Amino acid sequence: MDFNMKHIISINDFQREEIDYILDQSKKMEELPQKDKIELFKGKVMASLFFEPSTRTKDSFISACLKMGGNHVGFSDTSSTSLKKGETFADTIRMYEKYSDILVIRHSIEGAARYASEILSIPVINGGDGANQHPTQTLLDLYSIKKSKGSIDNNNILIAGDLKYGRTVHSLSLALSLFDNINLTFVSPPSLRMPDEITEMLRNRGVSFSIYDNLEEAVRDNDIIYMTRIQRERFPNGA
Amino acid sequence: MGLENKKNYDFLIKDVKVPDLKNETFIVRDILILKGILQEISAKITNDIRVIDAKKNLLISDTIDIHVHTRDPGLTHKETLETVLKASARGGFSKVVAMPNTLPVIDDKEKYLDVIRRASKIKGARLFQSCSLSKDLSGKTLNDFEQLISAGCSCFSDDGLALYDSKLMERAMRSLKGSGSSLLLHSQSEGIAPEHANSEIFGVYRDVLLSELTDCPVHIQHVSKKESIEIIVKAKERGVKITCEVCPHHLFLNESNSDLRSSDFKVNPPLRTKLDSKELIKYFSSGFIDVIASDHAPHTSQEKKTSYEEAPYGFSGVETLIPVIFSELYKKRDLNIFKIIRAISINTSKIINADIKGLKTGIRPDFTIVDLDKERMINKEALISKGKNNPFLPYKAECDVQMTVVEGEIVCQNL
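Residues numbered from 1 in each chain as written. Chains lettered and ligands numbered in written order. Predicted model: local features only at pLDDT ≥ 70, side-chain atom pairs only at ≥ 80, totals over all residues. Heavy atoms only, no water.

Turning our attention to the interface of chain A and chain B. In this assembly, 18 residues from chain A lie in contact with 19 residues from chain B. Both sides of the chain A and chain B interface together cover about 1300 Å² of buried area, and 55% of this is carbon and sulfur. Among the residues chain A hides against chain B, the three largest losses belong to I109, Y115 and E118 of chain A. Together they make up 40% of the total. Summed over the shared surface of chain A and chain B, the number is one salt bridge. Across the salt bridge formed by K167 of chain B and E197 of chain A, the nearest N and O atoms sit 3.3 Å from each other. Breaking the side of chain A that touches chain B down by element, the ones donating at least two residues are α4 (89-99) and α5 (112-119) of chain A. If you tally residues by element for the side of chain A that touches chain B, the top one is α5 of chain A, at five residues. Of the residues assigned to the side of chain A that touches chain B, the class counts are seven nonpolar, four polar and seven charged. (Contact = heavy atoms within 4.5 Å. Buried area = accessible area lost by both parts, 1.4 Å probe. Salt bridge = Lys/Arg side-chain N within 4 Å of Asp/Glu carboxyl O. Helix = DSSP H or I, 4+ residues; strand = E, 2+ residues; numbered from the N terminus. Nonpolar A, V, L, I, M, F, W, Y, C, P; charged D, E, K, R; others polar.)

Side chains on a regular strand alternate between the two faces of the sheet. All names here are of chain A. In terms of burial, strand β1 (residues 45-50) is largely enclosed, as five of its six residues are buried. In the sheet, β1 pairs with strand β2 (residues 71-75) via five bridges, with the strands oriented parallel. Residue pairing for β2: V45 is matched across the bridge by N71. As a crossover connection, the stretch from β1 through helix α3 (residues 56-67) into β2 is right-handed. With five bridges joining them, β1 and strand β3 (residues 102-107) adopt parallel strand pairing. When the bridges of β3 are listed, M46 appears paired with I102. (Buried < 20%, exposed > 50% of the residue type's maximum accessible area, 1.4 Å probe, protein only. Pairing = 2+ DSSP bridges. Right-handed = clockwise from strand over helix to strand, strands pointing away.)

Residue and element names in this part refer to chain B. Take S294: it is sitting in the loop between β13 (291-292) and α10 (301-305). Assessed through its relative accessible area of 3%, S294 is described here as buried. Engagement of the side chain of S294 in a polar contact is seen with the side chain of D65, the distance being 2.5 Å. Engagement of the side chain of S294 in a polar contact is seen with the backbone oxygen of H67, the distance being 3.3 Å. (Polar contact = N/O pair within 3.5 Å; in protein donor to acceptor, adjacent residues only side chain to side chain.)

Next up on the list: the domain arrangement of chain A. All names here are of chain A. Structurally, chain A comprises domain 1 (11-129) and domain 2 (151-227). At the junction of the two partners, domain 1 supplies eleven residues and domain 2 supplies nine residues. Here domain 1 packs against domain 2, burying approximately 710 Å² in sum over the two surfaces, 57% of which is carbon and sulfur. At the junction of domain 1 with domain 2, the criterion picks out two salt bridges. As a salt-bridge pair, R16 and D153 come within 2.9 Å of each other at their nearest N and O atoms. Seen at the junction of domain 1 and domain 2, the total is one residue pair in polar contact (both at pLDDT 80 or more). Mapped onto the side of domain 1 that touches domain 2, the elements with two or more residues apiece are α1 (16-31) and β4 (124-129). (Domains from an automatic or database assignment.)

Let us now look at α3 of chain A. Owing to its 3.6 residues per turn, the α-helix brings residues three or four apart onto one side. Residues and elements named next belong to chain A. End to end, α3 covers 16 Å across twelve residues, agreeing with the expected 16 Å (1.5 Å per residue, within 8%). At its buried positions, α3 is contacted by β1, β2, β3, β4 and α6 (135-149). With its phi angle positive at about 90°, G69 sits one or two positions after the end of α3. (Expected span 1.5 Å × (residues − 1).)

All names here are of chain A. The four strands lie next to each other as β2-β1-β3-β4, forming an open sheet whose pairing is parallel. What marks the edges here is a single partner per strand, and that holds for β2 and β4. Between one strand and the next, the sheet's axes are offset by a mean angle of 15°, whatever the strand orientation. (Axes fitted to C-alpha atoms, helices over the stretch in contact; angles between N-to-C directions.)

Right under this line is the structure:
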């Protein structure tokens, strides 16, 4: 197929074929011997601009970049940047556009990555924007499902934990809705249930799902169990 | 109707220059108004009632300032309906749109109707009172739009307390879409100091995306950064129903000519860089900025005299907007005068769905006459507004408002 997406901003921008393409390419890359892998991004520079702190997302991008022979620039703490002096986000990222071939951005503001993709001419990957989107996490989850089960279609998947504030479970559920014969089981305390807008979208897309408060009652014949932690940092008032 | 009053409803204006905004030409006319009703408009009218010689001064119909804080009820030490509506008329506005952040907040039918009733008794500009988007400006629960619209309210805004919750904003847009009322948004992002440019830029970006998603028309208030206007320009080019305003202080004042550490210049959004001002003027002149508004925010001099941190945000400005923009944009920079006229009249009327009365016979007209050749030194003492916190003053204007007519009545005349 022709893959012509330039940026990875939201999993909602993807068609099933595009997800399949990325997962197939990832498999090919994973299977490459290290001596070939190191050629993939040789001579290229990735800018990782973490306006909001993160360890795993940032380091997994940097690790991938290094393994493919690339180099990286960027920051993960805005206190040391010119932002403190009042520099605009647009000015900051335009400067990094000059230094790099691809930009990975994490920002506390929803929409920051999409805004970046609109004003830059190099590809932008969203490393998480506020409580909104974290598409590469979703692609990784899909890849893991495919790798362990051979296919994403035809799976009973249980998703448990904080379903209200956990952005990864929202994105994963919507991405799974693009696949065939998926059964979803959501388990969470009543106060942390999947938001109505997500369940409504699943219903519109004809995905079958059930909702439970209790894990013991819910677990049965599942192919995949997906657990999340409580997203304390995204609770209102930090409570 | 007293004698004094009668005089203000029956008059003949001689030799006034009437703009034809469509063809961008002028035509000199006489206008006869009897009992507040426009009787005749033609090249030459004779009548022995009160004659006002307009000396070929410029007539602008349906002037509106879309962004004014009246402070009434509750904060009347700063301003009252009486002072602000009279100040607006002196400034050349026949209508103003008031923000709802009074004490209490205008967020229900009773409070809305009380303000409208009190304003209707004042001889000054007509008041369009906006109501808050969220109950008590809390940002938590949406207002009962249906009830307020049925009471006559046509504008909703949380102004300085931007509605941060994107889901709530989306719901507000979905509820108000197609209702004929307008959303006036002070775009700002949570978690970033409001003074930081990014707060405005991300806020504008979000509101533009939500407007696009919901297909609900949205008006962005007081754009101050080049990046914000660039977002708006792109959105307009792809057909998003976005309009925007700028304030005179962001057009002409910036860090190169104002002391930004002084509380006299404290405003939100803050004064920006010289480049931002230059870009705003450029985008205004290329037609991407729809409206010029004052964001009239009166405070007492006591309040403004405190330290920068403690001082409240905002400038008084409804009385100087027209003199300042005609002096700065038309007289000094020679910008297209029709563009300036539209930005304080019909463009604004369209946004808030106000009548565009124009000069049709049989109506009670709203218009202003501006003398573009009369110089006037404006100082704080001359302001009718209680808010003397105007950063332009003292200001040597290269024009003056000759008179303001509201519903066929002369509410302000300056000889």
